Amino acid sequence: MATATGLESLVDQIISVITNDGRNIVGVLKGFDQATNIILDESHERVFSTKEGVQQLVLGLYIIRGDNIGVIGELDEELDASLDFSKLRAHPLKPVVH
């Protein structure tokens with residue numbers, strides 16, 4: 001996971017967050033704290049399925065607790081915009097088991 005210094009460079013950029021329960025949430029990073037709690041704006045959850053395209057559920061302004069974050073990464077906006085999510089099929093991620 002990115003350190004606080006690494007997250008500073010991502011503020012006001014679109015990021016993708018994979019949570020410990022297997023959710024994929026995409027949004028604009030607006031802020032974070034020392035516990036890596038993050039605030040996303042204009043966010044949506046991408047729900048993957050092997051039977052139908054990716055559903056994108058609008059979340060809006062969203063807070064994710066730091067202890068529920070598995071991975072934070074930059075999103076390539078150009079590549080992301082070129083994907084046809086209605087044709088994309090994938091198994092949903094399974095929750096992290098400790």
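Everything quoted here is computed from the prediction, not taken from an experiment.

**Q** Help me understand the sheet that holds strand E5 (residues 69–74), please; the structure alone is not making it clear to me.
**A** Neighbouring strands of a sheet are bound in pairs by backbone hydrogen bonds; such pairs are parallel or else antiparallel. Taken together, the five strands give an open sheet; going across it, the order is E4-E3-E2-E1-E5, and neighbouring strands pair in antiparallel fashion. The sheet is open, and its two borders are formed by strand E4 (55–64) and E5, each paired with just one other strand. Going from strand to strand, the sheet's axes swing by 30° on average, the running direction of each strand aside. Bridging between strand E1 (residues 14–19) and E5 involves five bridges; their strand directions are antiparallel.

**Q** Sorry if this is basic, but what is going on with the confidence of the model for the protein chain here?
**A** Atomic detail in the predicted coordinates should be set aside for any region of low pLDDT. Predicted confidence across the protein chain gives a mean pLDDT of 91, with 94% of residues reaching 70 or more. Averaged pLDDT values over the elements of the protein chain bottom out at 75 in helix H1 (residues 4–8) and peak at 97 in strand E3 (residues 38–47).

**Q** I keep staring at the environment of Gly73 and nothing clicks. Help me out?
**A** Assignment of secondary structure puts Gly73 in strand E5. Using a relative accessible area of 21% as the deciding quantity, one classes Gly73 as partly exposed. Note: C-alpha distance between Gly73 and Arg23 (50 residues apart in sequence) is 14 Å. Leaving out residues up to four positions away in the same chain, Gly73 has contacts with Ile15 and Ser16.

**Q** I'm lost on the nonpolar core in this one. Help?
**A** Core analysis: the biggest nonpolar cluster contains 11 residues, these being Leu7, Leu10, Ile15, Val17, Ile25, Leu29, Ile38, Leu40, Ile64, Ile69 and Ile72. Other than its neighbours up to four places away in sequence, Leu10 contacts Ile15, Leu29, Ile72 and Glu74.

The rules behind these values
Residues numbered from 1 in each chain as written. Predicted model: local features only at pLDDT ≥ 70, side-chain atom pairs only at ≥ 80, totals over all residues. Heavy atoms only, no water. Pairing = 2+ DSSP bridges. Helix = DSSP H or I, 4+ residues; strand = E, 2+ residues; numbered from the N terminus. Axes fitted to C-alpha atoms, helices over the stretch in contact; angles between N-to-C directions. pLDDT = per-residue confidence, 0-100. Buried < 20%, exposed > 50% of the residue type's maximum accessible area, 1.4 Å probe, protein only. Contact = heavy atoms within 4.5 Å. Core = buried A, V, L, I, M, F, W, Y, C linked by side-chain atoms within 4.5 Å.

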